[in-house]
Amino acid sequence: MSPYDPSAYPPFAVTVDLVVLTVRRHALCALVVRRGEQPFQGRWALPGGFVREDEDLAGAAARELSEETGLCAHDPALPGAGNGAHLEQLATYGDPKRDPRMRVVSVAHLVLAPDLPAPRAGGDANSARWAPVDEVLAGTDEDSTGLAFDHARILADGVERARSKIEYSSLATAFCPPEFTVGELRRVYEAVWGVSLDPRNFHRKVTGTPGFLVPAGGTTTRQGGRPAQLFRAGGATLLNPPMLRPEV
């Protein structure tokens, strides 16, 4: 075996990009930041950045989320705090031309969480906001030039991952507070899938799926009307039968 020669390989870097999804005002929204530096200065992008030599991918994702948005990885509304928020690796993106600076491979992460507060920009981001994913992907959002880099593709992949996973897993509860009503859970499905669901059929399905929901022992009137029963996420991770997405 010939000795390793660093000069034989072009320089490259590894980044993390974050698809952070939440449901706000009954719409599925993604966290986007306005870039404060070149390339694509002034364009909206997904939060993210370069992985440092002394950190792993999960650590880099948590750091970038905090630096660019002001959201802390130890916040109760973020992954690892035990309130149902969810973090997973999404995919790896390595097109040689995806970044004009150099060869950059990005490991994208998907973050799903309940309704989060308005983000605060930091790091190399000028501003940050929640943007409805349908408008961003359709190009009808306030920035008609689209997302920087290949972030539109990454966002689309993250949205489709979320839409498909709530069919066969309990992942939809990650968008809910620790205790929630069936109506609140239904509105999550409606926002993520972009459809309207029959309330009675939905209630029957979710309460009849073993391990999906467990009664929390209380009621609430926060949605108006009569008191509604509160539930928590059950122990099931896979739903049987699955919650099939309606055809549109």
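A quick note: this is a predicted structure, and the numbers were derived from the prediction, not measured.

Visitor: Teacher, can you tell me more about the pairing of strand S6 (residues 103–112) here?
Guide: Across a regular strand the side chains alternate sides, sitting on one face of the sheet and then on the other. Among the 10 residues of S6, 8 are classified as buried, and the element is accordingly described as predominantly covered. Two strands pair when backbone bridges link them, and strand S1 (residues 12–24) and S6 are joined in this way by 10 bridges, in the parallel orientation. Looking at the pairing, threonine 15 lines up with serine 106 of S6. In the sheet, strand S5 (residues 86–93) pairs with S6 via 7 bridges, with the strands oriented antiparallel. Counterpart to alanine 91 in the pairing with S6 is alanine 108.

Visitor: Would you explain the nonpolar core in this entry?
Guide: The nonpolar side chains of soluble globular proteins are, as a tendency, buried together. Ranked by internal contacts, the top residues of the largest apolar core, which has 44 residues, are Leu21, Leu155, Leu185 and Tyr189. Every element with two or more residues in this core is listed here: S1, strand S2 (27–35), S5, S6, helix H2 (133–138), helix H3 (151–168), helix H4 (182–193) and helix H5 (199–208). With 7 residues, the top contributor of residues to this core is H4. Those residues in contact with leucine 155 that lie beyond four places of it in its chain are Val19, Leu21, Ala30, Leu46, Val133, Val136, Leu137 and Leu147. Within the second largest apolar cluster, 10 residues are counted, among which are Leu18, Ala61, Leu65 and Leu116.

Rules behind the numbers
Residue positions within a chain follow its written sequence, with the count starting from 1. Local features in this predicted model are restricted to residues of pLDDT 70 or higher, and side-chain atom pairs are both shown and tallied only at a pLDDT of 80 or more, whereas totals for entire chains, interfaces and linings draw on every residue. As a rule here, side-chain values cover all heavy atoms of the structure and leave hydrogens and water aside. For each residue, the accessible area found with a 1.4 Å probe, counting protein chains only, is set against the maximum for its type, and the residue is called buried under 20%, exposed over 50%, and partly exposed in between. Numbering of helices and strands runs from the N terminus; a helix is a DSSP stretch of H or I covering at least four residues, while a strand is a stretch of E covering at least two. When DSSP locates at least two bridges between a pair of strands, those strands are taken to pair. The definition of a nonpolar core used throughout is a set of buried Ala, Val, Leu, Ile, Met, Phe, Trp, Tyr and Cys residues joined through side-chain atoms within 4.5 Å. The contact definition used throughout considers only heavy atoms, calling two residues in contact when any of these lie within 4.5 Å.

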